[in-house]
Amino acid sequence: MPAGTVKSFKPSKYIPVSAATVFLVGSTTLFFAFTCPWLNVEVSPALPAYNAVMFLFVLANFSMATFMDPGIFPRAEEDEDKDDDFRAPLYKTVEVRGVQVRMKWCSTCRFYRPPRCSHCSVCDNCVEEFDHHCPWVNNCIGRRNYRYFFLFLVSLTLHIMSVFICGLFYTLGHPNQLRDIPAAVTISVMCVAGLFFFPVAGLTGFHIVLVSRGRTTNEQVTGKFRGGVNPFSNGCCRNVSHVLCSSSPPRYIKRSHNQTFLSVSPPFLRPEVSESQIGLKILDNGIQSPLQHYQV
C-alpha cells in the first residue's frame, strides 16, 4: 500500500476469495480421497497423476494472481498546493505508433496516468495496464499478474473438465452403488464442477479473445479503440507470446519500514501552468478532443 493511504479492514472483501479457495481445495480434496483410488486401480494411474499436476498448477497461478503486485504506481508526494490540481490540464496527449493516446490526470495519485493505466476504485491505486479488479482473487489484475490470472482461468477450465469426466467414469462404473458414500461424494463433486464450468469457461474464452486482440477488459468494456487502430496490438501470435513469454516487469513500489520511495519522471508529472492560462477540465466521456485554454 502506498505511503499516506490508510484503509480500514473490511472482512466482506475476503468472502469471495475465501469461497473460491474453499470450493477449489475442498472439492479437489474430496475427488482425490473418494474417486481417484478407484481410477488408479481400474482405469489408469495416469488420471490421478494428471489431476494432481493440474491442481497444483491451478493453485500456483491462483496464488500468484492473488498475492502478486499487479503493477501499482507510487503516488506523487504532496509537495505542491492542492489548488494546482484544478489548474493542471486534465489530459495530455502522447503518440503511440502514430495513434494519439490521451493520458488523464489522476487527482488521487497526482500524476498523469500512462497509456493503459487506470485508477482502481476498490484498491484506490493506479495500476499499469489495468485489466479489472477481480473479487475472486481479491486483487487487481494488471501488467504484472495478468499472465498468472490468464493461466489460472485456462488451467481451471481444464481441471473442471477433467474432474467431471473422471467422476462420470466412476459413476458409470458403479451403477448399483450410487447410494454409497464414495459415489454420493463423487456425484456431489460433479455437480459443483458442472455448476462452475460454464461461467469459468465463458470467462476463459472471453480472455482468450482479449489476449489475441491485444486488449484489456477495461479497454473492451469502455470501448477504447473501437472502430479504430489499437496501437498496443502486435498481431495474434505476438500478443499471445507477449502475455505468456515476456519477462516479468519491475515492481514500482518498494516497501521499507512502511515507507514508499518514489521516482517519477516526465511526461507523467504535472507540467507547470502559467498564471495566464487555466486549463478547462472536461468530463472523460470517451470523446477525444484537444485541451482548450482560455486567456485570463
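Residues numbered from 1 in each chain as written. Predicted model: local features only at pLDDT ≥ 70, side-chain atom pairs only at ≥ 80, totals over all residues. Heavy atoms only, no water.

Caption draft 1: View of the overall build of the chain. Looking only at helices and strands, one finds seven helices and eleven strands in the chain. Across the 296 residues of the chain, 39% fall into the buried class. A separation threshold of at least 6 residues defines the contact pool for the chain, and within that pool the share at least 24 residues apart is 64%. Just so you have it, the chain exposes about 17,100 Å², and 62% of that area is on carbon and sulfur atoms. (Helix = DSSP H or I, 4+ residues; strand = E, 2+ residues; numbered from the N terminus. Buried < 20%, exposed > 50% of the residue type's maximum accessible area, 1.4 Å probe, protein only. Contact = heavy atoms within 4.5 Å. Areas by Shrake-Rupley, 256 points an atom, 1.4 Å probe, with all protein chains shown as cover.)

Caption draft 2: How the structure looks around the pattern of salt bridges. Evaluated as defined, the whole model comprises five salt bridges. Arg75 is paired through a salt bridge with Asp124; the nearest N and O atoms lie 3.0 Å apart. Here the residue Arg75 occupies a position in the loop between helix H2 (46-67) and helix H3 (84-87), and Asp124 occupies one in the loop between strand S4 (118-120) and strand S5 (125-127), the gap between them amounting to 49 residues. Owing to a relative accessible area of 14%, Arg75 belongs among the buried residues under this scheme. For Asp124, a relative accessible area of 27% corresponds to the partly exposed category. Put simply, Glu128, Glu129 and Arg143 are held in one network by salt bridges that share partners. (Salt bridge = Lys/Arg side-chain N within 4 Å of Asp/Glu carboxyl O.)

Caption draft 3: Expanded view of the UniProt feature "transmembrane region" (unreviewed entry) in the chain. Mapped onto the present numbering, the UniProt feature "transmembrane region" (unreviewed entry) falls at residues 14-35, 47-67, 148-172 and 184-210. When the span residues 47-67 is considered, its composition is 100% helix and 0% strand, and the gap between its end C-alpha atoms is 30 Å. Spanning residues 184-210, this segment combines 100% helix with 0% strand, and its end C-alpha atoms are found 39 Å apart. (UniProt positions renumbered as here; feature names shortened; annotations may be inferred.)

Caption draft 4: Summary view of the sheet that holds strand S2 (residues 99-106). Across the sheet, three strands lie side by side as S1-S2-S3; this open sheet has antiparallel pairing. The open sheet is flanked by strand S1 (91-96) and strand S3 (111-112), the only strands paired with a single partner. Note: S2 against S3, two bridges, orientation antiparallel. Bridge pairing links Trp105 to Tyr112 in S3. (Pairing = 2+ DSSP bridges.)

Caption draft 5: Up close: the packing of helix H1 (residues 15-43) against H2. In contact at an axis separation of 9 Å, H1 and H2 are set at 165° when each is read in the N-to-C sense. Overall, the two elements H1 and H2 adopt an arrangement that is roughly antiparallel. Note that H1 runs across H2; the crossing there is left-handed. On the side of H1, the interface is formed by Val17, Thr21, Leu24, Val25, Thr28, Phe31, Phe32, Cys36, Leu39, Asn40 and Val43, while H2 contributes Leu47, Pro48, Asn51, Ala52, Phe55, Val58, Leu59 and Phe62. Along the lines of polarity and charge, the residues of the contact of H1 with H2 split into 15 nonpolar, four polar and no charged. (Axes fitted to C-alpha atoms, helices over the stretch in contact; angles between N-to-C directions. Parallel < 35°, antiparallel > 145°, perpendicular 65-115°, else oblique. Left-handed = near helix turned anticlockwise from the far one by under 90°. Nonpolar A, V, L, I, M, F, W, Y, C, P; charged D, E, K, R; others polar.)

Caption draft 6: Up close: the environment of Val221. Structurally, the position occupied by Val221 is in helix H6 (residues 217-222). Note on Val221: relative accessible area 62%, which makes it exposed. Distance from Val221 to Asp131, taken between C-alpha atoms, is 10.0 Å for residues 90 residues apart in sequence.

Caption draft 7: View of the packing of aromatic side chains. Here the structure, examined in full by the defined rule, presents ten aromatic pairs. Ring geometry for Trp105 and Tyr112: centres 5.1 Å apart, planes at 70°, overall edge-to-face. Tyr112 shares its class with Trp105; the two are buried. Each ring, one from Tyr146 and one from Phe150, has its centre 6.3 Å from the other, and the planes form 20°; the classification is stacked. Within this pair, Tyr146 and its partner Phe150 are both found in helix H4 (residues 146-173), separated by four residues, close to a single helical turn. The residues Tyr146 and Phe150 share a single accessibility class, namely buried. Through a chain of ring-to-ring contacts, the aromatic side chains of Phe31, Phe32 and Phe55 assemble into a single cluster. Over the aromatic face of Tyr112 sits the side chain of Lys92, whose NZ or CZ is 5.6 Å from the ring centroid. Of note, Arg102 hangs over the ring of Tyr91, and the distance from its end group to the ring centre comes to 4.0 Å. (Phe/Tyr/Trp six-rings, centres within 6.5 Å; stacked < 30°, edge-to-face > 60°. Lys NZ or Arg CZ within 6 Å of the ring centre and 35° of its normal.)

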